Structure formats: C-alpha cells, structure tokens
Amino acid sequence: MAGAGRLQARFAALKAEGRAAFVAYIMAGDPDTETALEILSALPAAGADLIELGFPFSDPMAEGPPIQRSAQRALAAGMTLNGVLETVRRFRERDQTTPIVLMGYMNLLLTYGLVAFAADAAEVGVDGLIVVDCPPEEADPLADALDRTGVALIRLATPTSDDARLAVIARRTAGFIYYVSVAGVTGVKAVDTAGVGLAVERVRKAAGLPVAVGFGIRTPEQAAAVARVADAVVVGSALVDEIAAGLAANENVTSRVLETARRLAQAVRSVGQATVQA
Amino acid sequence: MNALPTPNDYSAYPDRAGRFGDYGGRYVPETLMPLVLQLEESYEAAKADPAFRAELASDLTHYAGRPSPLYFAQRLTEHFGGAKIYLKREELNHTGSHKINNCLGQILLARRMGKTRIIAETGAGQHGVATATVCARVGLPCVVYMGAVDVERQAPNVLRMNLLGAEVRPVTSGAATLKDAMNEALRDWVTNVHDTYYLIGSAAGPHPYPAMVRDFQAVIGEETRAQVLDAEGRLPDALVACVGGGSNAIGLFHNFLNDANVRLYGVEASGRGLDTGEHAAAINGGRPGVLHGNKTYLLQDREGQITEAHSISAGLDYPGIGPEHAFLHDVGRATYLSATDDEAIEAFQLLARLEGIIPALESAHALARLADVTRDVGKGGIVVVNLSGRGDKDLAAVAEHLARRA
Ligand SMILES: Cc1ncc(COP(=O)(O)O)c(C=O)c1O
C-alpha cells in the first residue's frame, strides 16, 4: 500500500482509536543527511503518526526564521531533491506504514520535471506532496503528473479561505487538507486554540477529508487543545528549533528532537476526540 | 528559444490566468490567493472608472510633474556618431525616477480598497522613496523592506525614507539585497493580510502586479510616442531601457509593442561579467523557473536553488525579471543585451560630462549599450533611451568603485 492509500489507512486506524494524529515536520538534510535520516527513522517510535519532510529551498517565502534557517543548514550540508528522495527510500527500507508527505516549493519540482518527480517520489514511497507556492490555479500540471502515481496532492486552507475558496481548494486533492491555523509564516504566531475548532469543521465539511492543523503549534498544551478538534496536529518549528539549539549547545540533536517529539505525541494521545468524523 | 509563433497583438496579454505565454501566473501561498484575486478585481474596476483615471492623471501632472521631457542629446549623439539619441527624462519626476508613476497609481488603488497600511520592497531605494512619498501624502503608515547591503550602499535614500516618515527594515537573510527584501515583504503580507497593501515596485510578482505596474508605467511610452512624433514626425527606430524587474522598460515599450519596426532593447546588468557568474542577467544568464509569485527567467543552479545576483546597481541586483520580458524575449519581439559594472560606470561619467546629467547607475546600464545600438540603427535613425532615474543616490558607490580601480 502506498500513496493516498497509506494516508487513508493511517487516518482510518486513528479514527478507530478515537484520537488525532501527531504529525512531525523536519527538514531533510538538517543538520546533515545522516543525522536527519536518524531522526526521521526514530520519529515513529517517538510517537509520530505521520511525517512531513521538508525539501530545502533557497527562498522559502512562507517560512519564519526557524524553518528558513533549517533550510539553510540543509543546503549548506549539500541536500538536494534527489537526496531527499534517497532519504525517503532509506526510511522505507524499515518502515512501510508511516505516511510521509513532502513539503516545499515549486521551483525545485519544475527543475526536476513534474512527471519524473511524481514517478520517482511514488517509487521511493512518498505518499503526499504539499507545494506551498502552488495554489489550485497553477496546480493542474502537477496534479496531472501525480494522478498517474497515486501520490496525493495535499492542499492548504487558511483563515482567509471563505466557502467559495474552500470549494476550489477541495478539487483535485486527496489524503487530507492542511489547515494553516494562522495568517502568517511558520513558527511566529501562536494558534488560536479557541477558534480553530469551528474552522476545522468548516474545512472538513467542504473537503470531506481529514483536516490537519499546523503553523503556530509549539507546546504540548497547544497540541492537546488542537488534538481535541482536528484530525491531525502538525508541529514543525518547535522541532527544528531543537536542532538549532542542539547545534548551538554542542549537544546530541537527535535526542533533543525526539524528546520534544515524544512530549508532543503524548499530549496528542492524551486527549480523546468527540468530533472526529472524516 | 525563439520558436514560438509571433503574436500580432500584444495588448491581448496577459490572459485571464495572468499569463504572458508560459510566463507569469500566481504562484503564491494559499493565504494570499484571496487577496491577489481581490486585488485583480479591484484593479479592473478602478481601471474602468473615469474618476480613478482622472485623479491619477491629475496627480501625475501636478504632483509628479509630468509629462517628463523628451530631450535631444546632441553631444551624446555626436560622440557616438550614429543615430540621433533622445533621452526620456524620467529622472526629472518628483522623487527622481520613474517609480513615482506606479506608486501614485497603486496608492489610489490601496485607498479605494480600504487598506490602512502599506509595505514595499526596495533595492536602490528609489521605489522605497516613492512609496514613502505617496504614503506621506495620504497619511498612511509605510514599512519598507531593504536588504542590509543596500541600506549601506544607498544611504541617502534611507535618510529620505526616514524623513518621509517611513520605517525602513533592513533585511539580513541571503545576500541581503533586493531578492531578500522581497521575500521579507511577502512574509509581512502573509502575516498582515487583513489591513496591508503590498505596493510592489516593478513589473514582477504574482498577477495582477506585472500587468498593473506596466499599465501605470505605460505613461512613459505614451508620452514618448507623442513627443517623438512632434519632434521628428515619425516613430523612433529603437527604444532602450535598463531592466531590473523591468518596469521602466515595459513602461517605455508597451505603446510600441505592435509597431514591428520599432526595435526594443532591454539592458540587463552583467555585473563583473556574464562568464564570472557574478551578474544579474536573468535572461542572458538564467533559465525559466518560479520565484516571488511568477514564472519567469531566473538565476538558479542546476537544482533550482535561486542564486545570488550581483550588480553595482542596487536597483538591478535581482535574480529575476518581469514575466512579460521573458515572453517578449522568447517570441523575439525584444532583444535583451547586458552591460557590466565597469561599462555602467563609464556611461555614468560620460553622460555627466557630455550632457550635464548625472544618471542613476541603473539607467547608466541602458546608456552603456548606446554605442552598439546607435551604430546598428545608423545615421539618420532615431533612438530613445529611458533615463529612468537620477544619480545623486549613487555618488558614494561610484566614488568607491573608481577609487578601487585607481
Ligand atoms: C532609477 C531606476 N531605474 C531602474 C530600476 C530598475 O527597476 P525596473 O526594471 O523595474 O525599472 C530602478 C530600481 O530601483 C531604479 O531605481
């Protein structure tokens, strides 16, 4: 099972458990290829139900400072899009069940070639793709390429998406919808835990897919609050910050990231859900 | 790349998706999509509103000082010994460059849309100054993102922006120049969508900016057409303009696109030389890709990572180019030449000595190709160069460059 199928299976299993998914975001190649792979491989055991793997771009216009710096470290260490796919391939040698979604920017995909990328991503075991600067209006060539492979094109919904816009977003998407809980870049503003439930309901209804919430979730408390209303809770900047802090303190970055991931996963698992429907 | 069929009506571009052929589009994060679509709608409505057009025309006349003169540069013409050279004097506009044309248009639009906060990116600081100026005039707060390197090399413009009440935020990421300032401005916009208007300074970015900025700058070519007909009784043989994002160039070209006999030359900055890799020539040294909301020619490595541009001119120090220029290049309607730092400095001095005009370093890149263009067009021909800005802001950079060479 691969692609959208692996995502569906994971969300179905979690629904049966009656809890939300914990989604961990890290950047491929940060701080270097091998350490990132070590972190990635250990994340499922630390409680990650799904993994978002960033592919680094020089000009990440929707990222705040933590993920900007993460991309810079990965690029400085020589990470390439081929290297990202190789990282996934090696992860899949030992884990065939944890879904992996790649997240990044359009120019690298265009350079690689959309059809070639879709095929290679599917082959190494990528299940979904989020392209931050590719809204539905520009996505048809990419969606066409992915359709042939079963890799899900995952779309973003935001606080600026009204119902008409949600209908546009919901077309040609699969797996889940990623609800960006704050109008802003990653890692700066904090999620409004009181308001996010209504938004998730609206998105879920429009798309008929599970809704993951991300951007602005850093603490176990925030993660637990969002887990009560969403199908998945995404944490990125807080994990990536552990890499930066570990490097600065000359400590083992892998254990720092995994320790934080564990606490967040526990928080997500600590709450049952009343409202998960999708 | 010139395999595409040549269109015969350039006014049909961009199409409804914001495309000039394969270029342009709206590659922005979803948070911005509703804003970009709303901006397009508001701009279309404003464009069709006689009251909007009348107010803009009045501002251009009474505030910016338009029309700008078309000046026959006799000594420069004699110096090169070829075609007659006319200078379109955009440097005489209020604030000292063509940038004010666009800012006056967009600030009217921002107010019509009820926006209460203005942000902008700037390289040379000319667009930042023009934005700060129009914000002061209408009493709106203004934040200008400027690469830290540019804050240094265009210090007079930072002082001007501060005097005008704008907040200049130095950007230290990347090479700390125009590309990085634009990244930061986009991040601000994503964060402050509800009240903020992003006043982009060139014919680049997501649709509708390339078309809108072009339309606001098209006054340059409209006036040029009337002025050259008045002076010479015929259209010019060639137009020449420097190209950063491409707004002064497309503003000059737009009204002549369907006149197949008028040759169009854009001049990119080739910095230390095209073969050194240290340049800002997106068409001459790049390939198509997606950055800052549009598909266009970009400086990038084999992977698609954007590479740093280099130019002595802060206003040209950008790894991309507006999407309409990418299209005009592919279909062969315009020709994109380049000029090095050294050539621009030489042209800068030449214009000062021969005509008593100190040009902006950006505009000096266009002047630097006049020897070739006037020779190709030949005696009896007419060439119009866009003098997009004045050079006061560049005196320190030029002095330093000359001292280093001496
Ligand atoms: C005087 C002048 N000319 C040209 C440019 C380049 O911009 P564009 O290519 O949009 O005209 C700038 C940009 O700062 C400028 O200040």
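Cut-offs used in this document
- Residues numbered from 1 in each chain as written.
- Chains lettered and ligands numbered in written order.
- Predicted model: local features only at pLDDT ≥ 70, side-chain atom pairs only at ≥ 80, totals over all residues.
- Heavy atoms only, no water.
- Near = heavy atom within 4 Å.
- Polar contact = N/O pair within 3.5 Å; in protein donor to acceptor, adjacent residues only side chain to side chain.
- Areas by Shrake-Rupley, 256 points an atom, 1.4 Å probe, with all protein chains shown as cover.
- Nonpolar A, V, L, I, M, F, W, Y, C, P; charged D, E, K, R; others polar.
- Contact = heavy atoms within 4.5 Å.
- Buried area = accessible area lost by both parts, 1.4 Å probe.
- Salt bridge = Lys/Arg side-chain N within 4 Å of Asp/Glu carboxyl O.
- Helix = DSSP H or I, 4+ residues; strand = E, 2+ residues; numbered from the N terminus.
- Expected span 1.5 Å × (residues − 1).
- Buried < 20%, exposed > 50% of the residue type's maximum accessible area, 1.4 Å probe, protein only.
- Arc of directions from axis to C-beta.
- pLDDT = per-residue confidence, 0-100.
- Pairing = 2+ DSSP bridges.
- Axes fitted to C-alpha atoms, helices over the stretch in contact; angles between N-to-C directions.

1. Concerning the site of the ligand
All names here are of chain B.
Alright, step 1. Taken together, the neighbourhood of the ligand is formed by 18 residues, with Ser202, Gly244, Gly246, Ser247 and Ser388 sitting nearest.
Alright, step 2. A distance of 2.7 Å is found between an oxygen atom of the ligand and a backbone nitrogen or oxygen belonging to Gly244.
Alright, step 3. In the environment of the ligand, an oxygen atom lies 2.7 Å from a nitrogen or oxygen atom belonging to the backbone of Gly246.
Alright, step 4. Computed on the free molecule, the ligand has an accessible area of 390 Å², of which 98% lies beneath the protein chains in the complex.
Alright, step 5. Classifying every residue of the shell around the ligand gives five nonpolar, 11 polar and two charged.

2. What to know about the interface of chain A and chain B
When the parts of a complex come together, some accessible area is lost, and that lost area is often taken as the interface size.
Alright, step 1. Counting residues at the interface gives 34 residues for chain A, matched by 34 residues for chain B.
Alright, step 2. A buried area of about 2,700 Å², summed over both sides, lies between chain A and chain B, and 54% of it is on carbon and sulfur atoms.
Alright, step 3. Among the residues of chain A in contact with chain B, A:Asp59, A:Met61 and A:Glu138 are the three that bury the most area, contributing 24% of the side total.
Alright, step 4. At the boundary of chain A with chain B, the tally comes to three salt bridges.
Alright, step 5. The closest approach of N and O atoms between A:Asp59 and B:Lys179, which form a salt bridge, is 2.7 Å.
Alright, step 6. At the boundary of chain A and chain B, one finds 17 residue pairs in polar contact (both at pLDDT 80 or more).
Alright, step 7. Secondary-structure elements contributing two or more residues to the side of chain A that touches chain B are helix 3 (65-76), helix 5 (106-112) and helix 8 (163-170) of chain A.
Alright, step 8. Per-class residue counts for the side of chain A that touches chain B are 18 nonpolar, nine polar and seven charged.

3. Some words on helix 9 (residues 196-207) of chain A
Residue and element names in this part refer to chain A.
Alright, step 1. With 12 residues, helix 9 ought to run about 16 Å at 1.5 Å a step, and its terminal C-alpha atoms sit 16 Å apart, in line with that.
Alright, step 2. Looking only at helix 9, the buried set comprises Val196, Gly197, Ala199, Val200, Val203, Arg204 and Ala207. Down the axis of helix 9, the buried side of the element spans an arc of 160°, and every buried residue falls inside it. Opposite the packed face of helix 9, turned more than 90 degrees from it, sit the exposed residues Leu198 and Lys205.
Alright, step 3. Close packing links the buried residues of helix 9 with strand 6 (156-157), helix 8, strand 7 (177-180), strand 8 (211-214) and helix 10 (220-227).
Alright, step 4. Of the residues one or two after helix 9, Gly208 is the one with positive phi, at around 65°.

4. Brief notes about the confidence of the model for chain B
Alright, step 1. Summarising the model, chain B shows a mean pLDDT of 96, and 99% of its residues fall at 70 or more.
Alright, step 2. In the predicted complex, the global pTM is 0.96; the interface-specific ipTM is 0.95.

5. Structural notes on the pattern of salt bridges
Alright, step 1. Counted by the stated rule, this structure contains 57 salt bridges over all chains.
Alright, step 2. For the salt bridge of A:Glu86 with A:Arg89, the shortest nitrogen-to-oxygen distance reads 2.5 Å. Taken together, the positions of A:Glu86 and A:Arg89, both in helix 4 (residues 81-92) and three residues apart, correspond to about one turn of that helix.
Alright, step 3. The class of A:Glu86 is partly exposed, set by a relative accessible area of 33%.
Alright, step 4. Residue A:Arg89 is classed as partly exposed on the basis of its relative accessible area, which comes to 35%.
Alright, step 5. Residue B:Asp372 is joined to B:Arg375 by a salt bridge in which the shortest nitrogen-to-oxygen separation is 3.4 Å.

6. Regarding the sheet that holds strand 7 (residues 167-171) of chain B
All names here are of chain B.
Alright, step 1. Taken in spatial order, the four strands line up as 7-6-5-8 in an open sheet, and their pairing is parallel. Two strands in the sheet have a free side with no partner beyond their single neighbour: strand 7 and strand 8 (196-198). Averaged over all neighbouring strand pairs, the angle between strand axes comes to 25°, with direction disregarded.
Alright, step 2. Sheet analysis places strand 5 (residues 117-122) next to strand 6 (residues 142-147), joined by five bridges and oriented parallel. Bridged to Ile118 within strand 6 is Cys142.

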